[in-house]
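Architecture and fold: a report
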Amino acid sequence: MTTTPAMTISAFASASRLSLKALRLYDELGLLPPERVDESSGYRYYSARQLPQARLIGLLRQLGLSLNDIRTVLEAQQGQQIELIWGHWTQAEAQHTRQRDLARYILRSLKGEPSMTQHFHVQQRFVPAQQVATVTRRLRVDELSSYIERQLKELPQQIMAEGASVEGVPFVVYHGQVNADNDGPVEVCVPYGGPLRPTGGLTLREEPAHHEAFVTLSKAQFDFPGILDAYDATSAYAGAHGACGALSPREIYPHDWDGLEDNDLAGDVAWPFVPPER
């Protein structure tokens, strides 16, 4: 029977092209424990059979996976490993695309070049006062989409379960920016009619009557950072036709989001304003 010669941690580091520090960390986390540890000296000994896993860990780190994500990959079956790695890369590509588009938006602004706002057909409308049931939360960027989608489904159900009726189009008010340093808050609102109690985290209030500039977007146009141009367009229109009041910008969602294709009209970005007195 042929045995594989034991390799000291230094020899294994040289063969795997991983640092001693990395190997010790991977041992502590259980990602790549040595094949044997000498009880008297504490020396770690590895086997050449472990080199493929060491190489995989190193490559996954270069791909940008966290140590927790790498653990998930290592513990999965081979077919699942492929799906997990491909899923990570797909998300990384999408994030890269968003960052590239955001960089273009910033550079265009700094250069004073024409924005994309001229491509939007901005309109205005008067919105009567309405009673709304709302939930408000401070959110990180990575929580935003899933939270809004969940509340747009659950809030109308909660209203009807209490015996009231949904009597308008849901909308989401951004009382502050949501980015790496700012967490809103974000308020999901559903107009309602009938008796309703402020239970289960609900807030009941009146949304004042107001004028607003708005643009209608496809589902794909709601993606960040492209949606910034829509906010710029409505803000510019509001400023040209009046003054910004106390109400915050918002997004209006008249359709079932999950049932929409990317090119389907999905909703509006709106910017409330106060028209000049006549």
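Quick notes on the rules
Residues numbered from 1 in each chain as written. Predicted model: local features only at pLDDT ≥ 70, side-chain atom pairs only at ≥ 80, totals over all residues. Heavy atoms only, no water. Helix = DSSP H or I, 4+ residues; strand = E, 2+ residues; numbered from the N terminus. Rg over C-alpha atoms; globule rule 2.2 N^0.38 Å. Buried < 20%, exposed > 50% of the residue type's maximum accessible area, 1.4 Å probe, protein only. Axes fitted to C-alpha atoms, helices over the stretch in contact; angles between N-to-C directions. Contact = heavy atoms within 4.5 Å. Nonpolar A, V, L, I, M, F, W, Y, C, P; charged D, E, K, R; others polar. Phe/Tyr/Trp six-rings, centres within 6.5 Å; stacked < 30°, edge-to-face > 60°. Lys NZ or Arg CZ within 6 Å of the ring centre and 35° of its normal. Core = buried A, V, L, I, M, F, W, Y, C linked by side-chain atoms within 4.5 Å. Arc of directions from axis to C-beta. Disulfide = S-S within 2.5 Å. Pairing = 2+ DSSP bridges. Parallel < 35°, antiparallel > 145°, perpendicular 65-115°, else oblique. Left-handed = near helix turned anticlockwise from the far one by under 90°. Salt bridge = Lys/Arg side-chain N within 4 Å of Asp/Glu carboxyl O.

A few words on the overall build of the protein. Along the protein, the regular secondary structure elements total 7 helices and 12 strands. Taking 2.2 N^0.38 as the reference for a compact globule, 278 residues should give roughly 19 Å; the C-alpha atoms of the protein span a radius of gyration of 27 Å, well beyond that estimate. Across its three principal directions, the C-alpha atoms of the protein cover 95 × 50 × 30 Å. Taking all 278 residues of the protein together, the buried fraction comes to 36%.

Our next topic: the environment of Gln-99. Of note, Gln-99 is situated in helix 5 (residues 78-111). Under the relative-accessibility criterion, Gln-99 is labelled partly exposed at 48%.

Following both chains from N to C, one finds helix 5 and helix 7 (residues 227-240) inclined at 35 degrees, their axes separated by 10 Å at the closest point. Mapping the contact onto sequence places Leu-102, Tyr-105 and Arg-108 in helix 5 and Leu-228, Asp-229 and Asp-232 in helix 7. Here the contact of helix 5 with helix 7 is composed, by residue class, of 3 nonpolar, no polar and 3 charged.

So, on to the packing of aromatic side chains. Under the criterion given, the structure shown has 5 aromatic pairs. The rings of Phe-222, Tyr-253 and Trp-257 are connected pair by pair, giving a single aromatic cluster. For Arg-125, the ring lying beneath its charged end belongs to Phe-214, and the centroid distance is 3.7 Å.

With that settled, the discussion passes to the nonpolar core. The nonpolar side chains of soluble globular proteins are, as a tendency, buried together. Grouped together as the largest cluster of nonpolar side chains are 38 residues, with contacts concentrated most on Ile-159, Tyr-174 and Leu-217. Counting residues per element, the ones that place at least two in this core are strand 5 (130-137), helix 6 (141-161), strand 7 (171-174), strand 8 (186-193), strand 10 (210-218), helix 7 and strand 12 (265-273). Residues in contact with Ile-159, not counting those within four places in the same chain, are Ala-133, Ala-164, Ser-165, Val-166, Val-190, Tyr-192 and Leu-196. Formed by 18 residues, the second largest nonpolar core is a distinct cluster that contains Ile-9, Leu-18, Tyr-46 and Ile-70.

Moving on to helix 4 (residues 67-75). Listed as buried for helix 4 are Leu-67, Ile-70 and Val-73. An end-on view of helix 4 places all buried positions within 110 degrees of arc, on one side of the element. Across from the buried face of helix 4, at angles greater than 90 degrees, the exposed residues are Asn-68 and Glu-75. Considering only its buried residues, helix 4 is in contact with helix 2 (20-28), helix 3 (51-63) and helix 5.

Attention now goes to the state of the cysteines. For the structure shown, the criterion picks out 0 disulfides. Cys-244 supplies the cysteine sulfur nearest to Cys-189, a cysteine that is in no disulfide, at a spacing of 18 Å. Looking at Cys-244, the relative accessible area reads 46%, which means it is partly exposed.

A few words now on the sheet that holds strand 3 (residues 44-46). Spatially, 1-3-2 is the arrangement adopted by the 3 strands of the open sheet, whose pairing is antiparallel. At either margin of the open sheet sits one strand with a lone partner, and together these are strand 1 (7-8) and strand 2 (36-37). Direction of pairing for strand 1 relative to strand 3: antiparallel, over a ladder of 2 bridges. Looking at strand 3, one finds that Thr-8 is bridged to Tyr-45.

To continue, consider the packing of helix 3 against helix 4. Viewed as axis vectors pointing N to C, helix 3 and helix 4 meet at an angle of 140 degrees, and their least axial separation amounts to 10 Å. As the angle between them shows, helix 3 and helix 4 are arranged oblique. For the pair helix 3 and helix 4, the sense of crossing is right-handed. Note on element contacts: helix 4 touches helix 3 through Leu-67, Ile-70, Val-73 and Leu-74, opposite Gln-53, Leu-56, Ile-57, Leu-60 and Arg-61. For the contact of helix 3 with helix 4, the class distribution of residues is 7 nonpolar, 1 polar and 1 charged.

Moving on, we come to the pattern of salt bridges. Scanning the model with the defined rule gives 16 salt bridges in all. As a salt-bridge pair, Asp-268 and Arg-125 come within 3.1 Å of each other at their nearest N and O atoms. Of this pair, Asp-268 sits in strand 12 while Arg-125 sits in strand 4 (residues 123-127); the two residues are 143 residues apart in sequence, bridging distant segments of the chain. Relative accessible area serves as the criterion here: at 9%, Asp-268 is assigned to the buried category. Across the pair Arg-197 and Glu-162 runs a salt bridge whose closest N-O atoms are separated by 3.1 Å. Residue Arg-197 is located in the loop between strand 8 and strand 9 (203-207), and its partner Glu-162 is located in the loop between helix 6 and strand 6 (165-166); the two are separated by 35 residues in the primary sequence. By relative accessible area, which is 29% here, Glu-162 ends up partly exposed. One salt-bridge network, held together by shared partners, links Arg-137, Arg-140, Asp-142 and Glu-143.

By themselves these figures say nothing about function.
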